[in-house]
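Geometric and topological summary
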Amino acid sequence: MSTKILIIGACGQIGTELTHKLRSLYGNDNVIASDIRKLNNDIVNKGIFEVVNALDYNQIEHLIEQYQITDVYLMAALLSATAEKNPAFAWDLNMNSLFHVLNLAKAKKIKKIFWPSSIAVFGPTTPKDNTPQYTIMEPTTVYGISKQTGERWCEYYHHIYGVDVRSIRYPGLISWSTEPGGGTTDYAVDIYHKALKEGKYECFLSEQTALPMMYMDDAIRATIEIMQAPSELIKIRSSYNLSGISFTPAEIAAEIKKHIPEFTISYKPDFRQKIADSWPASIDDSMARKDWNWKHKFDLASMTKEMLEHL
Ligand code: SER
């Protein structure tokens with residue numbers, strides 16, 4: 001049986017680029033994009049698109065039967081900053097959409113699941129530098145709690161029901177084609193837009209806040225590589241640490257200044273500073289490197305060059 005893919009949350013920051021890539025790899029007829037809204041964009045207009053509420057089990061089940069879906073990428077979620085403003089809905093969306101998909105795999109209606117986790121699973125008591133795969137995890141955000149709980153359920157469904165679920169703890173993701181929606185790491189995208197448009201940026205995190213980050217091309221490649229790897233290589237069924245770059249707002253600003261010398265940055269930390277302070281500064285992803293051969297390509301300099309060129 002050939003691979004037939006459903007992407008839930010296909011119009012989001014990751015979903016958009018993931019859908020483009022999967023369509024180019026598997027063919028337009030084998031990739032069904034879905035989202036809660038029908039926007040007027042390439043995801044909707046240049047392939048198969050369906051409106052789906054990630055909280056509606058019957059809707060998802062119907063689509064899976066209609067298109068004979070084998071693999072589901074569940075990208076719908078509320079991110080860290082937005083989740084703090086609406087904890088009950090964030091918990092509902094982030095947890096129940098996952099249960100729907102896990103239960104569809106348990107019932108053998110689909111074969112494989114990709115579900116994103118995050119650096120937000122870590123908390124203030126976690127070792128901050130080169131954070132190991134296995135360590136103290138006491139997340140203090142609603143988003144982090146939902147991702148950590150989700151990881152536990154993924155592992156449980158794999159061990160108890162044999163569900164083939166695969167997951168990555170994404171760092172902050174930086175992309176030019178779609179803007180991020182409500183995360184703490186969003187400044188690292190916004191800064192490029194403002195640098196080009198206004199020549200200045202007011203950052204909502206402080207100068208020395210180091211966070212793990214990654215260019216979207218690397219994140220998409222990691223997602224597809226973990227999904228294409230033979231099942232026996234995926235030894236961790238909670239979620240893999242994944243690492244690209246780590247930088248502070250001051251460091252990204254200095255890199256931008258090399259291209260736009262007149263660029264200036266100022267700092268006005270808001271509620272997101274506390275979220276950032278609870279997360280690691282850098283991540284040890286040696287298990288992903290060992291198990292399924294992960295290797296990042298982009299560093300701060302090559303990413304900045306690409307971002308400024310594309311924008
Ligand atoms: N980029 C995400 C956020 O800031 C972390 O997973 O919420």
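Sequence order sets the numbering: in each chain, residues are counted from 1 along the sequence as written. The predicted nature of this model means local features are confined to residues of pLDDT at least 70 and side-chain atom pairs, given and counted, to a pLDDT of 80 or more, with totals for whole chains, interfaces and linings taken over all residues. In computing side-chain properties, one takes all heavy atoms of the structure into account and sets aside hydrogens as well as water.

For the record, the criterion: UniProt positions are given in the numbering used here, feature names are shortened, and annotations may be inferred rather than shown by experiment.
By the naming in an unreviewed UniProt entry, the protein goes by L-threonine 3-dehydrogenase and is assigned to Flavobacterium paronense. Turning to the protein, the UniProt record has this under Sequence similarities (unreviewed entry): "Belongs to the NAD(P)-dependent epimerase/dehydratase family."

1. What to know about the overall build of the protein
Rules: Secondary structure follows DSSP: runs of H or I at least 4 residues long count as helices, runs of E at least 2 residues long count as strands, and numbering of each begins at the N terminus. Burial classification: accessible surface area is computed with a 1.4 Å probe over protein chains only, and a residue below 20% of its type maximum counts as buried, one above 50% as exposed, and the rest as partly exposed. What makes two residues a contact is simply this: any of their non-hydrogen atoms within 4.5 Å. Working definition of accessibility: Shrake-Rupley area with a 1.4 Å probe, residue cover restricted to the visible protein chains.
Within the protein one finds 12 helices and 14 strands. Considering the protein as a whole, with its 311 residues, one finds that 54% of them fall into the buried category. Excluding contacts between residues fewer than 6 apart, the proportion of contacts in the protein whose partners are at least 24 apart in sequence is 77%. Counting every atom, the protein has about 13200 Å² of accessible surface; 51% of that belongs to carbon and sulfur.

2. A closer look at empty space enclosed by the protein
We apply this condition: A 1.4 Å probe that fits but cannot get out identifies a cavity on a 1 Å grid over protein atoms alone, an open set with protein on both sides within 12 Å along at least five of seven lines counts as a pocket, and a residue lines either if it has an atom within 4 Å of a point. Grid points are joined across faces, edges and corners, and a volume is the space filled by probe spheres set on the points. Put simply, Ala, Val, Leu, Ile, Met, Phe, Trp, Tyr, Cys and Pro go in the nonpolar bin, Asp, Glu, Lys and Arg in the charged bin, and everything else, Gly too, in the polar bin.
Under the counting rule described, the total for this entry stands at one cavity of 30 Å³ or more. Empty space within the largest cavity amounts to approximately 40 Å³. In the lining of the largest cavity, the residues fall into six nonpolar, two polar and one charged.

3. Quick word on the UniProt feature "domain: NAD-dependent epimerase/dehydratase" (unreviewed entry) in the protein
The feature "domain: NAD-dependent epimerase/dehydratase" (unreviewed entry), as given by UniProt, occupies residues 5-233 in the numbering adopted here. In the segment residues 5-233, helix accounts for 43% and strand for 17%; the C-alpha atoms at its two ends are 21 Å apart.

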